[in-house]
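Per-entry structural report
Here are the chains, one letter per residue:
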Amino acid sequence: MRSVNRAAFARLLLAATFVAGVSTAHAQAAAPWRAVGDSVARDSSRAAAVGDSSRAPAVSDSSRGPAARDSSSAPAVSGAIPAPAARDSSRAPADSSFDSYMRGLSDSTDTWFGAMATPVDTAGLDSALAAGLALPPGKQQRRADQRRVRLDFTPAPGYNRADGAQLGVGASLTRPLPGRLSGRAMYTTGTKDVIGDGGWDGSFRLGQSRSRLALRAQAGRWTDVADRDSYDPVVTTMAAIVFGGDLHQYLRRDGWRASARWERDRVWASVAWRDQLESALPFTTEWALFGSQELDTNFTAAYGRVHELGITGEVPVPGTRFRVQAGHWTSAPAWGSAFDYNRTLVAVGGDVSFGRHFAFVPQASYGRLHGEVLPQNPFFFGGAPNVRQLDRNEWSGSGRAFGRADLMLVDDLHELLRLPLPAWMPLHLSGFLASGAVWGRDPVTNQALPTRRDWPSSSEWLSETGLTLAWRIGIPEPTSSMRFEYTEPLGATGRTARYTVVYQQPLHLLRMR
Amino acid sequence: MPPPALSRPLRPHPLRAATALVTLSACLLWAPPARSQGPSLAVEDTMTTEVPEVLVRAPRVTLDEILDRVAKGEARRDSMLRDQSFTATLRIMRNTAGKGTPELLGESVHKVYKKKPGLIRTVTLRVYEKYPEKDGDGMAEADFSPGMGERIVNFALQPENRRNYKFAIEDRKLLGDHLIYTLRFEPRSALQVSEPSGRLWVDTREFVIVRQEIEFRQSPLPLFLKSIKHMVVERTRSGDFWVLSRMLVRMELTIPMPRIGKTFDFGIAFSDYTINTALPDSLFEITDRPTNASRARVRSGSR
């Protein structure tokens, strides 16, 4: 008895399996296209096998022939797969079910959005169209454009310990000219000077392709920072005003500069030329809202007219989410320049996702300066751009290597831990490991010196690890965050742990634009 | 009577399967006595029959191939469009969720004519603003481009974006001759929490995107924008072409803004399409604007 029952049980299982197979065959016959690995299709077929007719493929029930309905054996049901003609003859009009399905989705959208989804009142639109078309082509648009032909004025404030306060105004003219004319002028309270610039910029599509060309030309008098690799004017100015935490070095540049940038998708390249007289700026202003400026000096920039060609670009690493940026700036006496140097910087970075919750963000950069080492062209080291255990720009050298890897929990801690925080304060947690070195450096003054070495010695590396609590603010990029970091030096550096606050993006080494 | 649609698949469930197995085993082991109702069949009675062979023609393609075909279909659609005209309605409403009554903040209606290459004419038919700006630039100011590519529908499948998203089949429905795949897409990078993700409805008969729902895992601008609660992009058929029918989005701000409030909806509806009707050049003005997409610029508040 027991063996008989087992045999019957086995037959039932086989039958059930077979019915499932039949349903799959139906689905295959019915579907015009089906993705390989379409698990949904297989699941639906199983649904049919257990007798849930509402889940069965649309054509299987209504068009199955009598043989199929009556038969319970494998060949019979297989043979019951209807020929296309038979299916078509027994089916409702081809598009009716599709249309009703789409209409159903649309109706659900109407319900969700309510009054927003109501149709427009068309009363009077025909007569308005007739009146609009009676006007010559473009007249209506031109009238709108003519309203926009005006100067837009914006304040142009600034503050640093060299210039003091920069009080000025900027103006731009956007139409009807192609591109944009803009300029600004600022009076500096410390040096009692007027600085500013004027220029034109425009961006144009190249034919019908996805490529764009952006052009820019400017002339004027600028106050620039020596660290050309990492400078955020807004954050730096705020730090200078609030607590005097501006550790940049400033110099004057007079002349003109121009650039052309080509971009397509994720690739871009830029060529720039500048003809500028570079000179030193004094330290003039120590005021800060709370206390005074941390630095009571400003460095002495080398004086001379520089003619510099810069070539920069970015390409993605195929098959990954990594990008490589490279830049090369060269100045030579043959071009009439007072300085002779070649400066190269390469950076790579990207992210690797571990599920939906963790992102691994490694990045690295390498910079090398050949030729004259000027106070205004070395690689600065320390602070927010690289190692946290040094102050910002504490060291400089003619070579710099740095790498950092963050493991980030991308979920908002506010939601994850149900913290009673406002919605505008999403918090993210991450840990990091970083290591970097600068070489071609005077060990006493920590200032840059010429060197023939292209790689640091092992004793020149500084390593650290730490934790970051990031408040994602989303300006100017969605990933821009205020990062509160705890950093612990690794190795026998004699340095102590630090708490730092920086405002930056996760991939902050890819800064070339 | 249309055939029933394929609905949500029954997912295997261990508990359900175990229950069924136990029940089935119990029935078999119990072996009830033969019932008197109905005919009795011999155990040895095995019925055999023959049926004609049927060749099942159901090409199997990978999801990547489907995505390729959709991308090519979208490009082909764009290439086949020579000119088009439509009526566009831009609308902004506030108080669309929570307390308060929905209120229309601005609405503008435009007739737009486009012709390749790069010709466009926009005739404004109506403008309503609850709080008109003095300089004449309203909240629902429209700025259409000559392009007909509808990138808002197919941005995830654009060559430059495709690698940034991962796709998965979420559902499929067989509706007459149409097989509709619902494809889930989301950024490959977990780091890009504010990039859009969502669902695409693809009709594999023409390999065209017929609908899209977009969501954002986290706000792209958390300081001001609390969330983008719902975003829908729909297409409709106009002659031989699928065209953008409407785009609706609901947004919630972190802090209530003057005139806007805390929640507002923005929508663009497109209707009255005519396509490839040989619009005369004399209808247009020349423009040098980019031709890659239709876009509408909406400015909120004053300058």
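A quick note: this is a predicted structure, and the numbers were derived from the prediction, not measured. (Residues numbered from 1 in each chain as written. Chains lettered and ligands numbered in written order. Predicted model: local features only at pLDDT ≥ 70, side-chain atom pairs only at ≥ 80, totals over all residues. Heavy atoms only, no water.)

1. Brief notes about the overall build of chain B
Rules: Under the scheme used here, helices are H or I runs from DSSP no shorter than 4 residues and strands are E runs no shorter than 2 residues, and both carry numbers assigned from the N terminus. Think of it in three bands: residues with accessible area under 20% of the maximum for their type are buried, residues over 50% are exposed, and the middle band is partly exposed, with areas taken using a 1.4 Å probe on protein chains only. Whether two residues are in contact is decided by their heavy atoms, any of which lying within 4.5 Å being enough. Accessible surface is estimated by sampling points in the Shrake-Rupley manner with a 1.4 Å probe; for residues, cover comes only from the protein chains shown.
Counting its secondary structure elements, chain B contains four helices and twelve strands. Put simply, chain B has 303 residues, and 52% of those count as buried. A separation of at least 24 residues holds for 56% of the contacts in chain B among residues at least 6 apart in sequence. For chain B, the exposed area adds up to about 14800 Å²; of that, 57% sits on carbon and sulfur atoms.

2. A look at the pairing of strand β18 (residues 427-439) of chain A
Residue and element names in this part refer to chain A. Heads up, the rule is: Paired strands are those between which DSSP finds at least two bridges.
Of the pairings in the sheet, the one linking strand β17 (residues 399-409) to β18 comprises eleven bridges and is antiparallel in character. When the sheet's bridge partners are listed, Ala-405 is paired in β18 with Leu-433. Bridge analysis of β18 against strand β19 (residues 461-472) gives eleven bridges, and the strand direction is antiparallel. Its bridge partner being in β19, Gly-431 is matched across the sheet by Leu-467.

3. Notes on the nonpolar core
Test applied: Buried Ala, Val, Leu, Ile, Met, Phe, Trp, Tyr and Cys residues that are joined via side-chain atoms within 4.5 Å together make up what is termed a nonpolar core.
One finds Phe-144, Phe-167, Leu-183, Leu-200 and Phe-270 of chain B to be the most contacted residues of the largest nonpolar core, which totals 51 residues. With seven residues, strand β10 (residues 241-257) of chain B is the single largest residue contributor to this core. Excluding anything up to four places from it in sequence, Leu-200 of chain B contacts Val-153, Leu-157, Phe-167, Tyr-181, Thr-182, Leu-183, Phe-185, Ile-209, Arg-211 and Gln-212 of chain B. Counting twelve residues, the second-largest nonpolar core is a separate cluster that includes Leu-125 and Leu-129 of chain A together with Tyr-113 and Leu-279 of chain B.

4. With respect to the packing of aromatic side chains
Put simply, the rule is: Stacked, tilted and edge-to-face pairs are distinguished by plane angle, under 30 degrees for stacked and over 60 for edge-to-face with tilted covering the rest, among Phe, Tyr and Trp rings (Trp via its six-membered ring) whose centres lie within 6.5 Å.
Enumeration according to the criterion identifies 20 aromatic pairs over all chains in this entry. Ring centres 5.8 Å apart and planes at 35° place the aromatic pair Tyr-366 of chain A and Trp-439 of chain A in the tilted group. Taken as a pair, Tyr-366 of chain A in strand β14 (residues 358-371) and Trp-439 of chain A in strand β18 lie far apart in primary sequence, 73 residues in all. Between Phe-86 of chain B and Phe-144 of chain B, the ring centres sit 6.2 Å apart and the planes meet at 70°, which makes this aromatic pair edge-to-face. Within this pair, whereas Phe-86 of chain B is found in strand β2 (residues 83-94), its partner Phe-144 of chain B is found in the loop between β4 (119-129) and α3 (151-154), the two being separated by 58 residues in sequence. Phe-144 of chain B shares its class with Phe-86 of chain B; the two are buried.

5. Observations regarding helix α7 (residues 96-113) of chain A
All names here are of chain A. Heads up, the condition is: To estimate the expected span of a helix, subtract one from its residue number and multiply by 1.5 Å.
Helix length check: α7 (18 residues) gives 25 Å between terminal C-alpha atoms against 26 Å at 1.5 Å per residue, within 8%. Within the span of α7, buried status applies to Ser-97, Phe-98, Tyr-101, Met-102, Leu-105, Ser-106, Thr-109 and Phe-113. Where α7 terminates, the next one or two residues include Gly-114, which has phi positive at roughly 60°.

6. Points about the environment of Glu-213 of chain B
All names here are of chain B. Operational definition: Polar contacts, as counted here, are pairs of nitrogen or oxygen atoms within 3.5 Å of one another; within protein the pair requires one atom able to donate a hydrogen and one able to accept it, and residues that are adjacent in sequence qualify only if both atoms are side-chain atoms.
The residue Glu-213 is located in strand β8 (residues 208-216) in this model. Between the alpha carbons of Glu-213 and Thr-236 there is a distance of 15 Å; along the sequence they are 23 residues apart. In this view, Glu-213 contacts Ser-197, Gly-198, Arg-199, Trp-201, His-230, Met-231 and Val-232; residues no more than four positions away in its chain are not counted. At a separation of 2.7 Å, a polar atom in the side chain of Glu-213 contacts the side chain of Arg-211.

7. Quick notes on helix α10 (residues 233-242) of chain A
All names here are of chain A. Rules: Note: the arc covers the axis-to-C-beta directions of the helix.
Along α10, the residues that are buried comprise Thr-236, Thr-237, Ala-239 and Ala-240. Projected down its long axis, α10 carries its buried residues within an arc of 160°, all on one side. The elements touched by buried residues of α10 are β3 (158-160) and β8 (250-264). With a side-chain oxygen lying 3.1 Å from the backbone nitrogen of Val-234, the N-terminal cap of α10 falls on Asp-232. Count one or two residues on from α10 and you reach Gly-244, which has phi positive near 70°.

8. Re the confidence of the model for chain B
Residues and elements named next belong to chain B. To be explicit about the condition: Confidence scores per residue from the predictor, reported as pLDDT, run from 0 to 100.
Residues with a pLDDT of 70 or more make up 78% of chain B, whose mean pLDDT is 79. Mean pLDDT values over the elements of chain B span from 49, in helix α1 (residues 14-30), up to 93, in β8. Low pLDDT (under 50) marks residues 27-36, which in the prediction has eight contacts with non-local residues, meaning those over four places away or in another chain. Below pLDDT 50 for its whole length, residues 287-303 participates in 54 contacts with residues either more than four positions away or in separate chains. Per the prediction output, this complex has pTM 0.74; the corresponding ipTM is 0.74.

9. Some points on the pattern of salt bridges
Test applied: Put simply, a salt bridge is a Lys or Arg side-chain nitrogen that is within 4 Å of an Asp or Glu carboxyl oxygen.
Under the counting rule described, the total for this entry stands at 53 salt bridges over all chains. Two residues, Arg-274 of chain A and Glu-278 of chain A, come together in a salt bridge whose shortest N-O distance is 2.8 Å. Judged by relative accessible area, Glu-278 of chain A falls into the buried class, the value being 2%. Of the charged contacts, one joins Arg-211 of chain B and Glu-234 of chain B as a salt bridge, the two residues approaching to 2.6 Å between their closest N and O atoms. One end of the pair, Arg-211 of chain B, is in strand β8; the other, Glu-234 of chain B, is in strand β9 (residues 225-238), with 23 residues separating them in the sequence. Taken individually, Arg-211 of chain B and Glu-234 of chain B each receive the classification buried, so the pair is uniform in this respect.

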